[in-house]
Amino acid sequence: MRLKQWGVAIACCATLLLTACRVVDLDENDKPIIPADPNAKVSYENQTPQQIAQQTWNEKVQKAAQSHALDAATLASQLKSQPPGKSESVFVRLSGKVEQVDDSSAREKKLVLNVNGQPLTVQTGPVMRGNAIRDAAGFKFEDFTNQVQFAQLSRACNREAVKHLPPVDASWAGKPVTLLAALTLKDGQMVDAAALDLKQEAQ
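The shown structure was predicted, so the numbers you read here are calculated from the model rather than taken from an experiment. (Residues numbered from 1 in each chain as written. Predicted model: local features only at pLDDT ≥ 70, side-chain atom pairs only at ≥ 80, totals over all residues. Heavy atoms only, no water.)

A. Quick peek at the pattern of salt bridges. Using the criterion set out here, one finds 4 salt bridges in the structure. Ionic pairing is found between Glu59 and Lys63, a salt bridge with its closest N-O pair at 3.4 Å. On the criterion of helical spacing, the pair formed by Glu59 and Lys63 is a turn pair, its members being 4 residues apart in helix 2 (residues 49-68). The class of Glu59 is exposed, set by a relative accessible area of 53%. (Salt bridge = Lys/Arg side-chain N within 4 Å of Asp/Glu carboxyl O. Helix = DSSP H or I, 4+ residues; strand = E, 2+ residues; numbered from the N terminus. Buried < 20%, exposed > 50% of the residue type's maximum accessible area, 1.4 Å probe, protein only.)

If you want it as structure tokens, here you go:
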């Protein structure tokens, strides 16, 4: 092949390569920013539990709770139909009068509401326990690196919830409130209730 023909062939190859390539933006470290695959499996491998809780809070917790919270009647029905030995975490929206405020521990304050004739103890922080928020939000173990990271996410979600709550003290006793919370249904009981939003209503 003559030199001129080689030149034409190389030019054609270069043109094909350039047209097949897509310009990719670079981040602050000059590494390519690759768009996320919408069909890719969710992965939190490179994030701390606190980062996950903060970044997903509005979508997976607040919006989900506002859209899917059970009212008192639906909660009562679901509690009765809960299979023995099974547990399920759900979001609830309830209204009622605060029967009691337990502030004997400055770190684990709680209030008690009467829900369908049963007392419901609701954690208001600053320390909350249980997995109700994480599990009601639909986080799945298989999306995480290991059991430790998944367990730590519960604590991170509980800490994030406290940031959005008003301070609760003894003055709340006897006051009507509206509550948005996550709780776990287990063996006919409502346990590990964690407040997400709490407002006093006019008497």
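B. Examining the sheet that holds strand 3 (residues 118-126) more closely. Overall, mixed pairing links the 5 strands, which are arranged 1-2-3-5-4 in a closed barrel. Each strand axis lies, on average, 50° off the axis of its neighbour in the sheet, ignoring direction. Alignment of strand 1 (residues 87-102) against strand 4 (residues 176-186), held across 11 bridges, turns out to be antiparallel. Bridge pairing in strand 4 places Val90 opposite Leu183. Its contacts with the sheet place helix 2 against strand 1, strand 4 and strand 5 (189-200), and it is angled at close to 75° to strand 1. (Pairing = 2+ DSSP bridges. Axes fitted to C-alpha atoms, helices over the stretch in contact; angles between N-to-C directions. Contact = heavy atoms within 4.5 Å.)

C. Main features of helix 5 (residues 147-163). Helix length check: helix 5, at 17 residues, gives a terminal C-alpha distance of 25 Å against a target of 24 Å (1.5 Å per residue), a fit within 8%. Buried within helix 5 we find Gln149, Phe150, Leu153, Ser154, Ala156, Cys157, Asn158, Glu160 and Ala161. Its buried side turned inward, helix 5 meets helix 2, helix 4 (132-136) and strand 5. At the N-terminal boundary of helix 5, the capping side chain belongs to Asn146, with an oxygen 3.1 Å from the backbone nitrogen of Val148. (Expected span 1.5 Å × (residues − 1). Polar contact = N/O pair within 3.5 Å; in protein donor to acceptor, adjacent residues only side chain to side chain.)

D. Seen up close, the side chain of Asn158. Turning to its location among the elements, Asn158 is positioned in helix 5. In this structure Asn158 comes out as buried when scored by relative accessible area, which is 4%. Polar side-chain contacts of Asn158 include one of 3.2 Å to the backbone oxygen of Gly130. Other than its neighbours up to four places away in sequence, Asn158 contacts Met128, Arg129, Gly130 and Ile133.

E. Structural context of the side chain of Gln149. Summarising the element assignment, Gln149 is placed in helix 5. Take Gln149: its relative accessible area is 8%, and that puts it in the buried class. Within polar-contact distance, the side chain of Gln149 engages the backbone nitrogen of Thr145 at 2.9 Å. With residues up to four places along the chain from it excluded, the contact list for Gln149 reads Tyr44, Glu45, Gln47, Pro49, Ile52 and Phe144.

F. Looking closely at the pairing of strand 2 (residues 108-115). Two strands pair when backbone bridges link them, and strand 1 and strand 2 are joined in this way by 4 bridges, in the antiparallel orientation. Directly across from Asp102, in strand 2, lies its bridge partner Lys110. From the end of strand 1 to the start of strand 2, which pair antiparallel, there are 5 residues. As judged from the 8 bridges shared by strand 2 and strand 3, these two strands associate in the antiparallel manner. For Lys109, the partnering residue across the bridge sits in strand 3 and is Gly125. In textbook terms, the turn of a hairpin is the stretch between consecutive antiparallel strands, and for strand 2 and strand 3 this stretch comprises 2 residues, one of which, Asn116, has a positive phi near 55°.

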